[in-house]
Amino acid sequence: MTFQVWGWRREDASQVLAWVPDAEGGRRGVLTRRSLATKDPTAVERANLLNMAKLSIKGLIESALSFGRTLDSDYPPLQQFFVVMEHCLKHGLKVRKSFLSYNKTIWGPLELVEKLYPEAEEIGASVRDLPGLKTPLGRARAWLRLALMQKKMADYLRCLIIQRDLLSEFYEYHALMMEEEGAVIVGLLVGLNVIDANLCVKGEDLDSQVGVIDFSMYLKNEEDIGNKERNVQIAAILDQKNYVEELNRQLNTVSSLHSRVDSLEKSNTKLIEELAIAKNNIIKLQEENHQLRSENKLILMKTQQHLEVTKVDVETELQTYKHSRQGLDEMYNEARRQLRDESQLRQDVENELAVQVSMKHEIELAMKLLEKDIHEKQDTLIGLRQQLEEVKAINIEMYQKLQGSEDGLKEKNEIIARLEEKTNKITAAMRQLEQRLQQAEKAQMEAEDEDEKYLQECLSKSDSLQKQISQKEKQLVQLETDLKIEKEWRQTLQEDLQKEKDALSHLRNETQQIISLKKEFLNLQDENQQLKKIYHEQEQALQELGNKLSESKLKIEDIKEANKALQGLVWLKDKEATHCKLCEKEFSLSKRKHHCRNCGEIFCNACSDNELPLPSSPKPVRVCDSCHALLIQRCSSNLP
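Residues numbered from 1 in each chain as written. Predicted model: local features only at pLDDT ≥ 70, side-chain atom pairs only at ≥ 80, totals over all residues. Heavy atoms only, no water.

Account for the overall build of the protein chain, naming residues and giving values.
Per the secondary structure count, the protein chain includes 14 helices and nine strands. Out of the 640 residues belonging to the protein chain, those deemed buried represent 25%. A fraction of 63% describes how many contacts in the protein chain between residues 6 or more apart in sequence connect residues 24 or more apart. Carbon and sulfur atoms make up 54% of the accessible area of the protein chain, which totals about 47100 Å². (Helix = DSSP H or I, 4+ residues; strand = E, 2+ residues; numbered from the N terminus. Buried < 20%, exposed > 50% of the residue type's maximum accessible area, 1.4 Å probe, protein only. Contact = heavy atoms within 4.5 Å. Areas by Shrake-Rupley, 256 points an atom, 1.4 Å probe, with all protein chains shown as cover.)

And the structure:
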């Protein structure tokens, strides 16, 4: 049978599930009726949760020891323990408003443990990396399981409970984690360090689990009463194991205790000296005390007289005090507000401290990224040099093409000059032919006029002039043939002119192309000069980068050397080395072993006959050949 964790209540009276010790030393559940006015319901809830936590932890430890092996996630007492812990952490949680809904999860306070306890960062990171978890409640359940496997759940929750100012952001003032019950539960969780758990968090569906406590596991049967002696033995074994674990923890702090003992001995000697001085002071004070007592008696007599006078004054002052108390209350409220402001400032400072810690981690990551950037820049340097070589080859090819185009330009200019001369000659010949044509046309017109005159005159004299007409007809035929020949020659000349004009237009196009090529060549020359400037600037920048990189590398190497010197070099033992590390020859009576004072390895005399001063020793000491070459190279690079 299952119940809700805080029992059940009615409107007129409350029935609360309380756990009462029975005769056998165990506990049994009893429903008690109390009026709501007598006890706070939140206190009842806290008490019930504390009792459930005690029962679940005790039952888990006893069943785990009787089980005799590591616990899996399917083990029922373990599941019930996680349900109880979930209810304890959920008690008194504040509701956080968001844009879409109201949020109320225990992942917020558990996520805060990372800032307070640096070792909990691994759990937080692994919980966030789990692929199946979608809700904050699922992440919180996974966190609890991982903390149990690490055996550090008590340590993590103890750090959380100490910081009540930070917890007040997530919990109400009456929550279990804010009261003493939370500290008691954390103390009980120390006993779980006995248990070894192997839980598979990846495949488990933690988002949709229902957290209901099964009380049937904690109800006792008659068989459990017979197992009392066995439970006593188990409790004794648990106490022994806890004692051994505490002893181991104390042994780890022996070195710190020795230093404390030394400091205490020194302080003890100082205290003895101060004690002697104090004794002398006590004697003087006793003498002064006798004098003061005599003076006190006289003062008492005077004070009694003054008391009567002051009673009257006190009554008047009481009235004034009542009036001034109101002002004091206002001052108290202001002081309280200032206290709240200071607490808020303190929280801000703590948040800034956490940010600075995260900044420190980021700086370490940035150092690693710097080393990666150095390697990438070296690769880009090689790529830029290859590109510069390709640009040089392209410039040489362009220069050769330019020279060829200039030679072609000169040849074409000569051809153009020749063609212009030919066109001038042709135009002159055309003009002469046109003049001849005009003269022939004029002669033809004159001949026609003369024919008409002759026809009019020779109508009467036709017989006598027939011979002349025949002669003139012959002359006309000759003139017509001459005209046809001249027209054909003129057509051929016109065709030649058109061909020459086409050639001229083609040459003009070629000249325009040559001019455009010249402009492109000039632009290419300007680009070439700009590229050369960029190349020189990049070379200078690369040189500066190379210098900076070499400086940074040297600084990194110096830091590494300093770290090695601080951490201490690994000094190889004589028994571990049988051969020289450089020449790999076997050691013998004639070939002796020698340690390199820089790297700590063992070499033969031939491979370690160098001497150099080191940071650990100003005097020159024995160094192997490889360390000698490295140190000399570093010294030469450090020199300006």
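Here the narrative resumes.
Residue-level account of the packing of helix α5 (residues 121–129) against helix α6 (residues 136–150), with values.
Where α5 contacts α6, the axes come no closer than 10 Å and their chain directions differ by 135°. On the basis of their axis angle, the class for α5 and α6 is oblique. For the pair α5 and α6, the sense of crossing is right-handed. Together, Glu122, Ile123, Ser126 and Val127 of α5 and Arg139, Ala142, Trp143, Leu146, Ala147 and Gln150 of α6 make up the contact between the two elements. Considering only residue class, the contact of α5 with α6 consists of six nonpolar, two polar and two charged. (Axes fitted to C-alpha atoms, helices over the stretch in contact; angles between N-to-C directions. Parallel < 35°, antiparallel > 145°, perpendicular 65-115°, else oblique. Left-handed = near helix turned anticlockwise from the far one by under 90°. Nonpolar A, V, L, I, M, F, W, Y, C, P; charged D, E, K, R; others polar.)

Tell me about the pairing of strand β8 (residues 610–613), and name the residues and values.
Burial along β8 is one-sided: the residues Asn610 and Leu612 are buried and none of Glu611 and Pro613 is. Pairing geometry for β8 and strand β9 (residues 620–623), over four bridges, is antiparallel. Residue Leu612 lies in a different strand from β9, and its bridge partner there is Val621. Between β8 and β9, which pair antiparallel and follow one another directly, the connecting turn spans six residues. (Pairing = 2+ DSSP bridges.)

Could you give an account of the pattern of salt bridges, naming the residues involved and the relevant values?
Pairing between side chains of opposite charge can happen when their charged atoms approach one another. One pass over the full model with this rule turns up 11 salt bridges. Among the salt bridges present, the one from Glu181 reaches Arg46, with a minimum N-O distance of 3.5 Å. Placement of Glu181 in helix α9 (residues 180–189) and of Arg46 in helix α1 (residues 41–67) is noted, with a sequence separation of 135 residues between them. Residue classification places Glu181 among the buried residues on the basis of a relative accessible area of 18%. Put simply, Arg346 and Glu350 hold a salt bridge, and the shortest N to O gap is 3.7 Å. Taken as a pair, Arg346 and Glu350 lie in helix α12 (residues 254–457) at a separation of four residues, close to a single helical turn. Arg346 sits in the exposed class, given a relative accessible area of 52%. Judged by relative accessible area, Glu350 falls into the partly exposed class, the value being 27%. (Salt bridge = Lys/Arg side-chain N within 4 Å of Asp/Glu carboxyl O.)

Would you mind going over the environment of Arg436 in detail, with residue names and values included?
Within the secondary structure layout, Arg436 lies in helix α12. Note on Arg436: relative accessible area 52%, which makes it exposed. Separated by 50 residues in the primary sequence, Arg436 and Glu486 have C-alpha atoms spaced 9.5 Å apart.

Which residues make up a negative patch on the surface, and what values go with them?
Taken together, Glu446, Glu448, Asp449, Glu450 and Glu452 make up a surface patch of like negative charges. With respect to the helices, strands and loops of the structure, Glu446 is situated in helix α12. (Patch = residues over 30% accessible without salt bridge, like charges linked within 9 Å, V, L, I, M, F, W, Y side chains within 5 Å. Lys, Arg positive; Asp, Glu negative; His and termini not counted. Charge placed at Lys NZ, Arg CZ, Asp CG, Glu CD.)

Mind laying out the nonpolar core, listing which residues take part and the relevant values?
Grouped together as the largest cluster of nonpolar side chains are 62 residues, with contacts concentrated most on Phe81, Trp143, Met153, Leu157, Tyr171, Leu189 and Leu192. Once you skip the residues sitting within four places of it in the chain, Tyr171 turns out to touch Leu89, His91, Gly92, Leu93, Lys94, Pro109, Met177 and Met178. Listed in part, the 16 residues of the second largest apolar core include Leu572, Cys580, Cys596 and Val623. (Core = buried A, V, L, I, M, F, W, Y, C linked by side-chain atoms within 4.5 Å.)

How would you explain the packing of aromatic side chains if you had to name every residue and give the values?
All told, the structure shown has three aromatic pairs when counted by the stated rule. Their ring planes at 55° and their centres at 5.5 Å tell us that Phe81 and Phe82 sit as a pair that is tilted. For Phe81, a relative accessible area of 0% gives the class buried. Taking the relative accessible area as the measure of exposure, Phe82 reaches 5% and is therefore buried. Considering the side-chain rings of Trp143 and Tyr156, the 5.8 Å spacing of their centres and the 45° angle between planes classify their relative orientation as tilted. Of this pair, Trp143 sits in helix α6 while Tyr156 sits in helix α7 (residues 153–162), and the two are 13 residues apart along the sequence. An identical accessibility class is assigned to Trp143 and Tyr156; each is buried. (Phe/Tyr/Trp six-rings, centres within 6.5 Å; stacked < 30°, edge-to-face > 60°.)

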